[in-house]
Amino acid sequence: MSAITRRRALGLMAAGAACLRTPGMARAQELESIRRVRSLGEIAAQRGILFGTSIDLDTLGLPVQAELYRHHARILTVDNAMKFGMLRPQEGPANFEAADRLVAFAAENKIPLRGHCLAWNDWVPDWVAKLSTERAIYWFDRHIDEVVGRYAGRLHSWDAVNEPLFPLHRIRGGYRSGPWFAAMGKDYIVRALKRASAADPLGKYVINEAGPEWENPWGPVAPYREGLLRIIKDVQDAGVRLDAVGLECHWFPQFTFDAARFTDYLHQLAATGVSIYLTEIDVNDSALRGSQDARDAEVGERFAALITAALKEPKVEAIQTWQLSDNASWLQGEPKLWGPSGRRPRPLPFDKDCQPKAAYHAIAKALSV
């Protein structure tokens with residue numbers, strides 16, 4: 001969901017260094033403090049769930065943060081490095097340097113890696129919007145062929161289509177507008193899945209969406225829930241394989257959560273035969289009141305409520321946060337989402353120094369039940 005500009009803000013880069021500068025602790029002590037905390041990945045594995053996080057290239061340069069991710073993640077998702085705009089900021093050959101390094105990190109540590117994302121109508125470079133329909137389709141196909149082909153057999157799964165829905169764009173069917181939709185209409189969804197499967201027939205392919213989780217995201221929830229079920233049916237009717245759906249689960253202040261309705265919706269998704277991943281969980285606490293400890297506790301309660309509801313559906317196979325430590329959150333680079341207080345959000349299980357917060361304990365407890 002997050003755009004590269006969010007993750008690359010100078011403030012975020014400065015905050016990231018905090019994991020290297022914890023006063024009074026030698027590096028070896030810092031690393032040992034990470035390992036002493038029970039692994040969320042280990043806890044989740046005991047009930048057959050893959051727990052993990054997204055990761056970006058800057059984490060590899062922060063030894064303590066990198067150890068945090070190694071210790072807790074049993075699955076990783078590439079945050080930005082495989083997005084179209086990162087690979088192809090200009091028309092021409094793709095730059096795979098950052099993506100290759102993340103693939104190597106995951107392989108070295110024997111952690112399955114998810115690719116994110118092949119077809120997304122948001123955060124696409126300006127040069128794509130200037131293409132003719134014919135050239136847009138050419139680059140769409142070429143990109144999927146080259147990227148999936150390069151990493152064939154090396155990734156756990158791909159978010160083949162990201163966020164196909166956005167009802168506020170007022171397109172019939174609730175689809176998100178953008179260059180791929182402009183060129184192909186809703187058919188780009190099936191086309192992306194077909195191209196990806198042809199490039200790596202053994203891969204797993206996912207439609208990742210934001211919105212069906214909440215009662216009041218950007219407008220009524222029905223267009224998201226009904227729309228995603230309709231897309232799944234369209235794909236299956238076309239004879240195209242779809243392995244899983246991803247629900248992002250970014251919890252913004254204006255969203256409300258009905259656990260029973262959420263679980264019921266997961267049952268509806270499972271009835272289509274797909275697996276379910278929760279892919280990008282975080283809780284923006286910018287509108288929460290009280291002391292820092294009180295806000296942290298409420299963030300933890302929301303993580304627990306979401307995960308507890310999700311685990312009532314057996315087809316939920318993976319639960320991932322969008323980054324693990326607060327300093328790495330995309331929200332750090334989005335001041336407009338900090339709320340009237342201007343506080344930097346603390347949306348994740350670990351603080352900027354990579355130490356566990358209330359959310360860590362809430363997640364561990366929810367996974368242990």
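Everything below is about the structure printed above this text.
Now for a look at the structure at hand.

The rules behind the values
Residues numbered from 1 in each chain as written. Predicted model: local features only at pLDDT ≥ 70, side-chain atom pairs only at ≥ 80, totals over all residues. Heavy atoms only, no water. Helix = DSSP H or I, 4+ residues; strand = E, 2+ residues; numbered from the N terminus. Buried < 20%, exposed > 50% of the residue type's maximum accessible area, 1.4 Å probe, protein only. Expected span 1.5 Å × (residues − 1). Contact = heavy atoms within 4.5 Å. Polar contact = N/O pair within 3.5 Å; in protein donor to acceptor, adjacent residues only side chain to side chain.

## Let's talk about the side chain of H116
Looking at the element boundaries, H116 is found in strand 3 (residues 113-120). For H116, a relative accessible area of 0% translates into the label buried.

## A look at helix 13 (residues 222-237)
Between its first and last C-alpha, helix 13 extends 22 Å over 16 residues, near the 22 Å set by a 1.5 Å rise per residue. Those residues of helix 13 that are buried lie in contact with helix 12 (187-199), strand 5 (205-209), strand 6 (244-247) and helix 14 (259-271). Looking at the residues trailing helix 13, positive phi occurs at G239, about 75°.

## Some remarks on unusual backbone geometry
Here the bond from H116 into C117 is cis, since omega is -5°, no more than 30 degrees from zero. Looking at the secondary structure, you find C117 in strand 3. One non-glycine residue with positive phi stands out, namely E163, at about 50°. Note on placement: E163 falls in the loop between strand 4 (157-162) and helix 11 (179-184). Note on E163: relative accessible area 2%, which makes it buried.

## Some points on the side chain of E215
As for its position among the elements, E215 is in the loop between strand 5 and helix 13. For E215, a relative accessible area of 18% puts it in the buried group. Within the structure, E215 has its side chain in polar contact with the side chain of R225 (distance 3.1 Å). Side chain to side chain, E215 and R261 meet in a polar contact 2.4 Å long.

This is a description of form; function is not addressed.
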